[in-house]
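This is what each chain is made of:
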Amino acid sequence: MSTFLDALRERLGEAGLLTAGDLSAYENDWRKRYVGKALAVARPASTEEVAAVMRLCHQHRIAVVPQGGNTGLVGGSTPDDSGRQLVLSLSRMKRIRGIDVANASLTAEAGCVLAEVQAAAAGAGLLFPLSLAAEGSCMLGGNLATNAGGTQVLRYGNARELCLGLQVVTATGEIWQGLSGLRKDNTGYDLRDLFIGSEGTLGIITAATMKLYPQPKERLTALAACASMDDAVALLGLARERAGDALTGFEVMNRASLALVARELPQLAQPLGAAEWTVLLELSDAESAEHARNVFEGLLEMALERGCVQDAAIAQNIQQAKAFWHLRESIPLAQAQAGLNIKHDISLPVSAIPAFVTEMDAALAAYLPGIAVIDFGHLGDGNLHYNVQAPAGVAPAAFLGAHEAAINALVYDAVQQRGGSISAEHGIGRLKREELAQRKDPTALALMRSIKRALDPLDLLNPGRLV
Ligand code: FAD
């Protein structure tokens, strides 16, 4: 092992290899659910250095855990506790390599923090629309490796749909130069789409070319109170009809999720009174501020008249709009503060969501009285974070130990029966690997395993994750 580490140090220099000191930031996941022990942390500063690391790992048969911002929620980005897995952090690969304004594209390295990519695009007068609550720490490579979704998928799609090209280092240390800015390229199998969403199991993403969009002239945000999920779905239909492509965000928060925020983060203002469902809507208007406001006011008036909304507030300035978003994006933090919960990142056809929520809430209440369902997420994409919290007075760890398997079975069976997915945007990692093995179409699983074997025959890339 020391020969391997010596060779790595020689290639990367002192700054490029961490073997001693406190490595916990690389070893433990954001939720503190997975506590690992790394062999070392390699921090290459260029694609060539990543390739050199992979060649050495291949030669010495060392397993590698690629890591970006380590904000993943399924235990994919941290090592196991064997002390034999190398963390490969992309955090020193932070260069924006270029912006092509006429082609509306940007090329950046995998270690660029998402917020930095957004800022670089804005600096060129354009919009990079990928946006999620972890954007101050998650990194472009991690976003692509997980095919991240976030709050703007409704209009712009997820990370996959925003990506034009990739640069990838393979398990044997070869470099695939796929950094194309082309929107059309039918020259065989789509390798780009194979690596996107592969969670570090097929190759190391070192850079990407991403699509940019015009900046909207005005962005308006509102909160609306709905009495039921049926009403929230009716509001979504109305908003789509009235605003079309200008509807860029449609998020929901149930009563329990905002009550949890009130308890854990009492400093955050909650402008509407407690409602069964609070919806956050965002319009991005290409015409003018006046046009945006007219569309929004007309839409909310009609919703109030039809009775699918009970109360609504449009943010009056950017600070207020940010405060509305902050409220929504603080739910995961409030949950983290409250202790571990049973997370479900599910997607369903929007039409199936009201019945799912009603039936599942009732089934869980019957299963264990006092259980709290913290239900929030991207309703516009049919994606709910349907998280189940321990009854008051029950320790989270004991709750997970006793009930996680049974609750997962209840929730995922219902999701599967309705044609949904057990992972809408967070991926599989370690958390859902067994679940995937049981629930994914067997032919799809066999094809996935063949691809894994073909690209990583020694199983060195993120072993034990995904497949
Ligand atoms: P990491 O956590 O470091 O890694 C994630 C996975 O990708 C791991 O399997 C890792 O091995 C692999 N990986 C990382 N970098 C590379 C690379 N360069 N090449 C190959 N594999 C790599 N996700 C959403 O989709 N939508 C949301 O709205 C959302 N909200 C969140 C809110 C909070 C508060 C938090 C903490 C997380 C949220 N997430 C969300 C989850 C997470 O932020 C995303 O999955 C994000 O894309 C992960 O990026 P990262 O750089 O942190 O990746």
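For clarity, every value in this text was computed on a predicted model and none was experimentally measured. (Residues numbered from 1 in each chain as written. Predicted model: local features only at pLDDT ≥ 70, side-chain atom pairs only at ≥ 80, totals over all residues.)

Novice: Talk me through the overall build of the chain; I want residue IDs and the actual numbers.
Specialist: Within the chain, the regular secondary structure consists of 17 helices and 18 strands. Taken against the 2.2 N^0.38 rule, which gives 23 Å for 467 residues, the C-alpha radius of gyration of the chain at 23 Å falls within 12% of a compact globule. Taking the principal axes of the C-alpha coordinates as reference, the chain spans close to 70 × 55 × 45 Å. Counting contacts in the chain only where the partners sit at least 6 residues apart, residues at least 24 apart contribute 73% of the total. (Helix = DSSP H or I, 4+ residues; strand = E, 2+ residues; numbered from the N terminus. Rg over C-alpha atoms; globule rule 2.2 N^0.38 Å. Contact = placed C-beta atoms within 7 Å.)

Novice: Tell me about the domain arrangement of the chain, and name the residues and values.
Specialist: Split into domains, the chain comes out as domain 1 (2–89), domain 2 (96–214), domain 3 (218–332) and domain 4 (339–426). Inter-centroid distance (C-alpha atoms) of domain 2 to domain 4 is 30 Å. Taken together, the contacts link seven residues of domain 2 with seven residues of domain 4. Looking at the side of domain 2 that touches domain 4 residue by residue, the class counts come to three nonpolar, four polar and no charged. (Domains from an automatic or database assignment. Nonpolar A, V, L, I, M, F, W, Y, C, P; charged D, E, K, R; others polar.)

Novice: Account for the UniProt feature "domain: FAD-binding PCMH-type" (unreviewed entry) in the chain, with residues named and values stated.
Specialist: The UniProt record annotates "domain: FAD-binding PCMH-type" (unreviewed entry) at residues 34–215. Within the segment residues 34–215, helix and strand shares are 24% and 26% respectively, and the terminal C-alpha atoms sit 39 Å apart. (UniProt positions renumbered as here; feature names shortened; annotations may be inferred.)

Novice: Describe the packing of helix α9 (residues 229–243) against helix α11 (residues 289–306), listing the residues and the values that go with them.
Specialist: Between α9 and α11, the least distance of the axes is 10 Å, while the angle of their chain directions is 145°. With respect to the hand of their crossing, α9 and α11 are arranged in right-handed fashion. Of α11, the residues touching α9 (which contributes L235, L238, A239, R242 and A243) are V295, G298, L299, M302 and A303. (Axes fitted to C-alpha atoms, helices over the stretch in contact; angles between N-to-C directions. Left-handed = near helix turned anticlockwise from the far one by under 90°.)

Novice: Just give me the short version of the site of the ligand, but keep the residues and values in it.
Specialist: Taken together, 37 residues are adjacent to the ligand, and G68, G72, G76, G141 and G142 come closest. Of all elements in the fold, only β3 (63–67), α5 (140–145) and β10 (204–211) reach the threshold of two or more residues within the shell around the ligand. Of all the elements, α5 adds the most residues to the shell around the ligand, at four residues. Taken together, the residues of the shell around the ligand break down into 16 nonpolar, 18 polar and three charged. (Near = placed C-beta within 6 Å.)

Novice: Could you give an account of the sheet that holds strand β4 (residues 85–89), with specific residues and numbers?
Specialist: An order of β1-β2-β4-β3 is seen for the four strands of this open sheet, with the pairing classed as mixed. Of all the strands in the sheet, the pair left with one neighbour each is β1 (17–18) and β3. Of the pairings in the sheet, the one linking strand β2 (residues 38–42) to β4 comprises four bridges and is parallel in character. Paired with V41 across the two strands is V87, which belongs to β4. (Pairing = 2+ DSSP bridges.)

Novice: Now, about the pairing of strand β18 (residues 383–389): what can you tell me, with residues and values included?
Specialist: Burial analysis of β18 places seven of its seven residues in the buried class, the great majority of the element. Going residue by residue along β18, you find N383, H385, N387 and Q389 tucked away on one face and L384, Y386 and V388 tucked away on the opposite face as well. Note that strand β16 (residues 345–347) and β18 share three bridges and pair antiparallel. Directly across from S347, in β18, lies its bridge partner N383. Judged from the seven bridges that link them, strand β17 (residues 372–378) and β18 form a sheet pairing that is antiparallel. From the neighbouring strand, V373 faces β18, where its bridge partner is V388. Counted between consecutive antiparallel strands, the loop separating β17 from β18 contains four residues, among which G382 sits at a positive phi close to 70°. (Buried ≥ 20, exposed ≤ 12 C-beta atoms within 10 Å, placed from the backbone.)

Novice: Let's hear about the sheet that holds strand β13 (residues 247–254): which residues, and what values?
Specialist: Strand pairing in a sheet relies on backbone hydrogen bonds, with the paired strands running either antiparallel or parallel. Reading across from one edge, β15-β12-β14-β13-β17-β18-β16 is the order of the seven strands in this open sheet, with antiparallel pairing throughout. The two strands at the open ends of the sheet, each matched to only one other strand, are β15 (311–314) and β16. Here the average twist between neighbouring strands, direction ignored, is 20°. Strand direction decides the pairing type here: β13 and β17, joined by two bridges, are antiparallel. Paired with V252 across the two strands is G377, which belongs to β17. Where helix α10 (residues 255–264) meets the sheet, it contacts β13, β14 (277–285) and β17, and its direction lies at approximately 100° from that of β17.

Novice: Now, about the pairing of β3: what can you tell me, with residues and values included?
Specialist: Most of β3 sits inside the fold, with four of its five residues counted as buried. Bridging between β3 and β4 involves five bridges; their strand directions are parallel. Looking at β4, one finds that A63 is bridged to Q85.

Novice: Residue-level account of the nonpolar core, with values.
Specialist: In terms of nonpolar packing, the biggest core is built from 62 residues, with A222, A224, C226, A232, L235, V279 and L283 touching the most fellow members. Ranked by residue count, the leading element in this core is α9, at seven residues. Residue-level mapping places this core at the junction of two domains, with at least three residues from each of domain 3 (218–332) and domain 4 (339–426). Each residue touching L283, except ones within four places of it in the same chain, is listed here: L220, A243, A246, L247, T248, A292, V295 and F296. One finds A38, A52, V65 and V117 within the second-largest nonpolar core, a separate group that totals 60 residues. (Core = buried A, V, L, I, M, F, W, Y, C linked by C-beta atoms within 7 Å.)

Novice: Can you break down unusual backbone geometry residue by residue, with the values?
Specialist: Even without a glycine there, the phi angle at K32 is positive, about 65°. Unlike most non-glycine residues, E199 shows phi in positive territory, near 55°. Its location among the elements puts E199 in the loop between α8 (191–195) and β10.

Novice: Can you lay out the packing of helix α1 (residues 2–12) against helix α3 (residues 47–60) for me, pointing to particular residues and giving the numbers?
Specialist: At a minimum axis distance of 10 Å, the contact between α1 and α3 shows a crossing angle of 170°. With respect to α3, the element α1 is oriented roughly antiparallel. When you trace α1 past α3, the crossing you get is right-handed. Residues F4, A7, L8, R11 and L12 of α1 form the contact with α3, whose participating residues are E49, A52, V53, L56 and H60. Grouping the constituent residues of the contact of α1 with α3 by class yields seven nonpolar, one polar and two charged. (Parallel < 35°, antiparallel > 145°, perpendicular 65-115°, else oblique.)

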